[in-house]
Amino acid sequence: MTLQNEETRPFDTMSVALGTTPRADPAGTLGVDLDDNGHIAIDAMQRTSLDGVSAIGDVPNGIDQIAVATGQGAVAASAIHDDLSASRS
Ligand SMILES: Cc1cc2nc3c(=O)[nH]c(=O)nc-3n(C[C@H](O)[C@H](O)[C@H](O)COP(=O)(O)OP(=O)(O)OC[C@H]3O[C@@H](n4cnc5c(N)ncnc54)[C@H](O)[C@@H]3O)c2cc1C
C-alpha cells in the first residue's frame, strides 16, 4: 500500500476506522452536561449531570461498540435501582 507520504508498506490485512461524531445536542438541550468532545458527560455509573437521567451507548463515550453499550445499560440499570431504593428509605 502507498501512504499519503508516498511511502510504500506491505500489509497482510487492513482495518478501516471510519470515525464518528456524537449527536448529543438533544441531551444538551435538556441541560445535560457535555464533555469537550461533545459526548454526554457521565459518572462511573452512567449518571449524567441531570438528576434521574442516565446515558449509555455511543453518545456518552468514544468506544462505539455494541458490547460496550449493552454493558453500560446494565450498569445504568443497577445505578437506577440503587438510586430509587435509596430515595424510598
Ligand atoms: C458502519 C458501522 C459499523 C459498526 N460495526 C460494529 C460492529 O461490528 N460491532 C460493534 O460492536 N459495533 C459496531 N458499530 C457500532 C455500533 O453500531 C454502535 O456502538 C451502537 O449501535 C451504539 O448503540 P446506540 O444505541 O448508542 O446508538 P444507535 O444504535 O446509533 O441508536 C441511536 C438511535 O437514536 C436515533 N436518534 C438519533 N437522534 C435522534 C433524535 N434527535 N430523536 C430521536 N431519535 C434519534 C437514531 O436514529 C438511532 O436509531 C458499528 C457502527 C457503524 C456506523
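Keep in mind the model is a prediction, meaning the values are calculated, not measured.

Please provide a residue-by-residue account of the UniProt feature "domain: FAD/NAD(P)-binding" (unreviewed entry) in the protein chain, values included.
According to UniProt, the positions carrying the feature "domain: FAD/NAD(P)-binding" (unreviewed entry) are residues 2-73. The span residues 2-73 shows a helical share of 19% and a strand share of 0%, and its end C-alpha atoms are spaced 42 Å apart.

Could you give an account of the site of the ligand, with specific residues and numbers?
Around the ligand sit Arg23, Pro26, Gly57, Asp58, Asp64, Gln65, Ile66, Ala67 and Ala69, and those are all the residues in its vicinity. With 3 residues, the single largest contributor to the shell around the ligand is helix α2 (residues 66-88).

Before we move on, can you summarise the nonpolar core with the specific residues and values?
In this structure, Ala24, Ala27, Ile40, Ile42, Ala55, Ile56 and Val59 together form the largest nonpolar core, which totals 7 residues. When neighbours within four sequence positions are excluded, valine 59 is seen to be in contact with Pro22, Arg23, Ala24, Ala27, His39 and Ile40.

Thresholds applied
Residues numbered from 1 in each chain as written. Predicted model: local features only at pLDDT ≥ 70, side-chain atom pairs only at ≥ 80, totals over all residues. UniProt positions renumbered as here; feature names shortened; annotations may be inferred. Helix = DSSP H or I, 4+ residues; strand = E, 2+ residues; numbered from the N terminus. Near = placed C-beta within 6 Å. Core = buried A, V, L, I, M, F, W, Y, C linked by C-beta atoms within 7 Å. Buried ≥ 20, exposed ≤ 12 C-beta atoms within 10 Å, placed from the backbone. Contact = placed C-beta atoms within 7 Å.

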